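Next come the chains, spelled out residue by residue.
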Amino acid sequence: MAKVRLVAYRNATTSDTQEQTYELDLQEAPSISLNFQFSDVKEPEKRKGNFSQTFKLPFTDKNNEFFENWFNVNLSTLVFSTRKRFNAALYVGTVTQFEGIIKLKAVYQKAQQYEVVLLSNSVDLFSEIGSKKL
């Protein structure tokens, strides 16, 4: 069976200009449900984006490095923020299954887990354009 991998991208420091790749650790037998929305291309303003169901990532060195130990309220985080968008891709083996952004939804300190969701970038184009003319 092919290995499921989650790769996220962000700058390592605030002064970096290039994104660094972070291969995040998944749970032992990850179950990540993806929802794909198919819509009429004639009505792009009604388009809904693809997304995953929320899923959990364990507190590991790799994950804590990417999220910059978000659970520690005494840290002054410089790069990671829940208000910023960070690109991510989900792979099965070497085949890309989903590309979009990763969003931190919750941190469960007792269970030592991050709860995240993957969201599509495709709807953002129409959200950004809105009623503006090209």
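It should be noted that the structure appears before, not after, this text.
If you're wondering where the values come from, they're calculated on a predicted model, not measured in any experiment. (Residues numbered from 1 in each chain as written. Predicted model: local features only at pLDDT ≥ 70, side-chain atom pairs only at ≥ 80, totals over all residues. Heavy atoms only, no water.)

## Describing the overall build of the protein chain
Put simply, the rule reads: Secondary structure elements are taken from DSSP: a helix is a run of H or I of four residues or more, a strand is a run of E of two residues or more, and numbering for both begins at the N terminus. Whether two residues are in contact is decided by their heavy atoms, any of which lying within 4.5 Å being enough. To measure how exposed things are, a 1.4 Å probe is used in the Shrake-Rupley method; for residues, cover is taken only from the protein chains shown.
Within the protein chain, the regular secondary structure consists of two helices and eight strands. Counting from the amino terminus, helix and strand elements in the protein chain follow one another as β-β-β-β-β-α-β-β-β-α. Taking all contacts inside the protein chain whose residues are at least 6 apart in sequence as the whole, residues at least 24 apart take part in 55%. Total accessible area computed for the protein chain in this model is approximately 9100 Å², and 48% of it derives from carbon and sulfur atoms.

## Focus on the packing of aromatic side chains
Stated precisely, the cut-off is as follows: Geometry of aromatic contacts follows a simple scheme: Phe, Tyr and Trp rings, the Trp one being its six-membered ring, pair when their centres are within 6.5 Å, and the pair is stacked under 30 degrees between planes, edge-to-face over 60, tilted otherwise. The buried label goes to any residue with under 20% of its type's maximum accessible area, the exposed label to any with over 50%, and the partly exposed label to all in between, with areas taken from a 1.4 Å probe on protein chains only.
The tally for this structure, following the rule as stated, stands at five aromatic pairs. Ring geometry for Tyr22 and Phe66: centres 5.3 Å apart, planes at 65 degrees, overall edge-to-face. Residue Tyr22 is located in strand β2 (residues 19–24), and its partner Phe66 is located in helix α1 (residues 61–67); the two are separated by 44 residues in the primary sequence. Residue classification places Phe66 among the buried positions, given a relative accessible area of 0%. Aromatic side chains Phe66 and Phe67 sit 5.0 Å apart centroid to centroid with 80 degrees between the ring planes, which places their arrangement in the edge-to-face category. Both residues of the pair, Phe66 and Phe67, count as buried. One aromatic cluster in this structure is built from Tyr22, Phe59, Phe66, Phe67, Phe86 and Tyr114.

## Observations regarding the pairing of strand β8 (residues 113–119)
Threshold: A pair of strands is considered paired only if DSSP assigns at least 2 bridges between the two.
The buried fraction of β8 is high, at six of seven residues. With seven bridges joining them, strand β7 (residues 95–108) and β8 adopt antiparallel strand pairing. Counterpart to Ala106 in the pairing with β8 is Glu115. Linkage of β7 to β8, two consecutive antiparallel strands, is achieved through a turn of four residues, within which Gln112 is found at a positive phi near 55 degrees.

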